Amino acid sequence: MSDQLKITDSRTGKTYDIPIKDGAIRAMDLRQIKVSDDDFGIKSYDPAFKNTASCISRITYIDGDKGILRYRGYPIEQLAEGSTYLEVAYLLINGELPTRAQYEEWEHNIKIHTLLHENTKKFMDGFHHDAHPMGMLVSTVSALSTFYPDAKNISDPESRRLQTYRLIGKMPTIAAFAYRHMMGLPYIYPDNELSYTGNFLNMLYRMTEREYKPDPVLERALDILFILHADHEQNCSANAMRSIGSSQADPYVATAGAAAALYGPLHGGANEKVLRMLNEIGSVDRIPAYIDKVKSGAVRLMGFGHRIYKNYDPRARIIKQTADKVFEVTGRNPLLDIALELERIALEDDYFIERKLYPNVDFYSGIIYQAMGFPTDAFTVLFAIPRTSGWIAQWEEMLNDSEQKIARPQQIYLGADKRDFIPMSDRG
Ligand code: ACO
């Protein structure tokens, strides 16, 4: 006999056998539990999806208690060690590592889509000089929908593939243009002789030199950071991508919506907040007072805690190792001493131990980004570029899943019962 959950409804005394598969029951199986024929049936109440699986996925595996993260079965540590971001993007979207020929074709197709339509530049020029780069990125990705109306054809795999090349190819260009706009610098066009991250650094930092040569250590460090940020299963932004995509909206507006979800300080916006927090603390001797403030509930320790990880975030560990290599080139970021001491104190403190609060991916990433010359405002954009491949993988999987339909949660209505309208003149 298959595994079953036996439920007895104390209201009726009836017993139900609900099948258990893959450690879950189907919420729709609860609907049969009714007190009368016209009863809607039982539903589950789960604000913030704390215990609800919204899909079956084969992309990313996380064991939050053990601190394990795998893309398509491959441990994140091995991918960070031996792979490149573009190879990981291929893996996430296609399910398998590419052969050399497949990789070369993939890289070529992405690189020939790095240019933006010239009108996009005009559009971006309209932003105020101090516009936040994430606001610019969200709006510009969304605007791509108007340049590529063919993207509406979401049921055509060829069209989806083309939009995938365009999105992965153009994301760094949009991000770099947003940065250059913010700095008042002329836009730099892509150099497709360079690697994905090398070209991104070129578009950000090239000044008057004829050819930009990225520092190989920084180029590789950025590639590793991109690998670490590429996907993280059903997080807030992936859920937004799937939810928007479920209405059959095109992938540009869906990606813009996912990026908007990422922007928030409780999600990808945390890396920016960590840096501001470290600056506010200012010196190691002020850490105990700050920890007291966190424990009193006045502020949160940004870059700490995670809905899924109740152990050290494996990405934070890899970033910490990468930081040492970056600092050999850029010089040590003095904020690192504050971060290391903050982590040491927090990991020994009962408040953090009891709540299983460990450093997450954002705790150390900002310190590296700052050392590499990125302004704090641009940190979340650096997250959005690589996460684009994860969003696309999630979107593809959702579109190919015959069980998926337009996302539409239930609610428990506790508002006013029926009452009659009162004209304004009679409302006292
Ligand atoms: N600092 C202090 N206390 C915290 C923190 C924190 N960073 N995170 C959680 N807590 C406490 C909460 O106050 C709560 O305590 P209580 O039980 O006494 O009320 C308990 O830990 C559980 O916290 P929740 O908010 O219920 O946990 P949830 O899973 O909803 O939140 C989140 C996860 C949003 C990541 C949270 O830990 C947080 O705000 N962290 C700081 C922001 C951050 O770093 N976000 C980046 C996450 S990684 C990413 O998205 C890429």
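For the structure itself, consult the block above.
Just so we're clear, the structure is a prediction, and the values are computed from it rather than from any experiment. Along each chain, residue indices are assigned from 1 in the same order as the chain's sequence is written. In keeping with the model being predicted, local features are shown solely for residues with a pLDDT of at least 70 and side-chain atom pairs are shown and tallied solely at 80 or more, while totals for entire chains, interfaces and linings include all residues. As a convention, hydrogens and water are excluded, and side-chain values are obtained from all of the structure's heavy atoms.

### Topic: the overall build of the chain
We count a stretch as a helix when DSSP gives it H or I for four or more residues in a row; a strand needs E for two or more, and each element gets its number in order from the N terminus. Counting its regular elements, the chain contains 17 helices and five strands. For the radius of gyration, the atoms used are the C-alpha atoms, and the globule rule reads 2.2 Å times the number of residues raised to 0.38. For 428 residues, the compact-globule estimate of 2.2 N^0.38 gives 22 Å, and the C-alpha radius of gyration of the chain, at 24 Å, lies within 12% of that figure. With respect to the three principal axes, the spread of C-alpha positions in the chain is 80 × 65 × 55 Å. Buried residues in the chain amount to 49% of all 428 residues. We call a residue buried when its accessible area falls under 20% of the maximum for its residue type, exposed when it is over 50%, and partly exposed in between, using a 1.4 Å probe and counting protein chains only.

### Brief notes about the nonpolar core
Among soluble globular proteins, nonpolar side chains are generally buried collectively. Here, nonpolar core means buried Ala, Val, Leu, Ile, Met, Phe, Trp, Tyr and Cys residues that are tied together by side-chain atoms lying within 4.5 Å of each other. Ranked by size, the top nonpolar core spans 114 residues in total, and within it Trp106, Leu137, Phe200, Met277, Leu278 and Phe374 carry the most contacts. Broken down by element, this core gets its largest block of residues, 11 residues, from helix H17 (residues 379-399).

### Some details on the site of the ligand
Only heavy atoms are used to decide nearness, and a residue is near a molecule or strand if one of them lies within 4 Å of it. As a structural note, the neighbourhood of the ligand is formed by 19 residues, with His267, Arg300, Leu301, Gly303 and Arg307 the closest of them. Between the ligand and arginine 307 there is a distance of 2.8 Å, counted from an oxygen atom to a side-chain nitrogen or oxygen. The term polar contact refers here to a pair of N or O atoms within 3.5 Å; inside protein, the definition further demands a hydrogen-donor-capable atom paired with an acceptor-capable atom, and it admits residues adjacent in sequence only when both atoms are side-chain atoms. Tyrosine 351 places a polar side-chain atom, nitrogen or oxygen, 2.9 Å from a nitrogen atom of the ligand. Here, Shrake-Rupley sampling with a 1.4 Å probe gives the accessible areas, and only protein chains in the shown set may cover a residue. Bound to the protein, the ligand loses 74% of the 920 Å² it would expose on its own.

### What to know about the pattern of salt bridges
Whenever a carboxyl oxygen of Asp or Glu lies within 4 Å of a side-chain nitrogen of Lys or Arg, that contact is scored as a salt bridge. Using the criterion set out here, one finds 21 salt bridges in the structure. Salt-bridge contacts for lysine 418 lead to aspartate 420; the nearest nitrogen and oxygen are separated by 3.2 Å. What makes aspartate 420 exposed here is its relative accessible area of 61%. What emerges from the salt-bridge pattern is a single network uniting Glu272, Arg276 and Asp377.

### Quick word on unusual backbone geometry
For aspartate 22, which is not glycine, the phi dihedral falls at a positive 50°. With respect to the element layout, aspartate 22 can be found in the loop between strand S2 (15-19) and strand S3 (60-63). Overall, aspartate 22 belongs to the exposed group, its relative accessible area being 71%. Phi at glutamine 248 is positive, roughly 70°, even though this residue is not glycine.

### With respect to the packing of helix H6 (residues 157-183) against helix H10 (residues 251-263)
To characterise two packed helices, one gives the angle between the axes of the helices and the distance between these axes. Between H6 and H10, whose axes approach to 11 Å, the crossing angle comes to 45°. On the basis of their axis angle, the class for H6 and H10 is oblique. Two packed elements cross with a definite hand, and for H6 against H10 that hand is right-handed. Note on element contacts: H10 touches H6 through Pro251, Tyr252 and Thr255, opposite Gln163, Arg166, Leu167 and Met171. Among the residues forming the contact of H6 with H10, the class breakdown is four nonpolar, two polar and one charged. To get an axis, fit a line to the C-alpha atoms, keeping to the stretch in contact for a helix; angles then go from 0 to 180 degrees between the N-to-C directions. Roughly parallel here means an angle under 35 degrees, roughly antiparallel means over 145, roughly perpendicular means 65 to 115, and every remaining angle is called oblique. By convention, the crossing between two helices is left-handed when the near helix turns anticlockwise from the far helix through less than a right angle, and right-handed when the turn is clockwise. Contacts were defined at the residue level, with two residues in contact if any of their heavy atoms lie within 4.5 Å. Under the scheme applied, nonpolar residues are Ala, Val, Leu, Ile, Met, Phe, Trp, Tyr, Cys and Pro; charged residues are Asp, Glu, Lys and Arg; polar residues are all the others, including Gly.

### Structural notes on the sheet that holds S3
Pairs of strands are assigned from DSSP output, requiring at least two bridges between the strands. Read from one edge to the other, the open sheet built from three strands follows the order S3-S4-S5, with strand pairing classed as antiparallel. Among the strands making up the open sheet, the edge pair consists of S3 and strand S5 (74-75).

### Re helix H5 (residues 133-147)
To estimate the expected span of a helix, count its residues, drop one, and scale the result by 1.5 Å. Helix length check: H5, at 15 residues, gives a terminal C-alpha distance of 21 Å against a target of 21 Å (1.5 Å per residue), a fit within 8%. The set of residues buried in H5 consists of Pro133, Met134, Met136, Leu137, Val138, Thr140, Val141, Ala143, Leu144 and Ser145. On its buried face, H5 is in contact with helix H4 (118-125), H6, H10 and H17.

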